[in-house]
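# Fold and geometry: a report
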Amino acid sequence: GEGEGEGEGEGEGCLTLTLTLTLTLTLTLTLFLTHQADALLLDMELDDVPRILSTHTAYINVCSRRCRSLVELSPNRRKNLLSLAVDISPAVPLRLAERQMQRLEEDGFTPNGYTYLALLRACASAVDLPRAQRTLTRMLDAGLEPLYEY
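## Brief notes about unusual backbone geometry
Leave glycine aside and you will find that most residues have negative phi; peptide bonds, for their part, are mostly trans. In this model, Asp-48 sits at a positive phi of 55°, which is unusual for a non-glycine residue. Counting through the fold element by element, Asp-48 comes out in the loop between α2 (34-46) and α3 (53-71). Given a relative accessible area of 68%, Asp-48 falls into the exposed group. Here Val-127, not a glycine, exhibits a phi torsion of approximately 55°, which is positive. Looking at where Val-127 falls in the secondary structure, it is placed in the loop between α6 (113-125) and α7 (129-141). A relative accessible area of 67% means that Val-127 is categorised as exposed.

## Regarding the state of the cysteines
This structure, assessed with the given rule, holds 0 disulfides. Its sulfur unpaired, Cys-63 is 7.1 Å from the next cysteine sulfur, which belongs to Cys-67. By relative accessible area, Cys-67 is classed as buried at 0%.

Cut-offs and rules
- Residues numbered from 1 in each chain as written.
- Predicted model: local features only at pLDDT ≥ 70, side-chain atom pairs only at ≥ 80, totals over all residues.
- Heavy atoms only, no water.
- Helix = DSSP H or I, 4+ residues; strand = E, 2+ residues; numbered from the N terminus.
- Buried < 20%, exposed > 50% of the residue type's maximum accessible area, 1.4 Å probe, protein only.
- Disulfide = S-S within 2.5 Å.

See below:
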């Protein structure tokens, strides 16, 4: 995608590892494993594996799905998790998604429509209208319009 070539690192082997770890990060999305996604990002950092725009977007998507899953918890599941002292507030993964957006920009990438949409989904899932409005404004200010294909 656009901006993918930036920060790729040295050689084809490094790019293969980056893509493999990015795909693994994307797969955690289906399992809502934000802790595993965090571990994958840390592994990439410790092993000097460069992140690409899709890596950041995949992590934001994991956070978005986690927000949604927390909002959709059944009353029994919610009660069980609270009894285990699990923080079930969707604000937590939303903050992680926003932090990842900052890291993405610190890494020299420009968010694309898919990245903004992932963050908008997290805001919507967490029912945080002010953050959703700020994110949409940033997206529009960047010259991106919300398109159906995102």
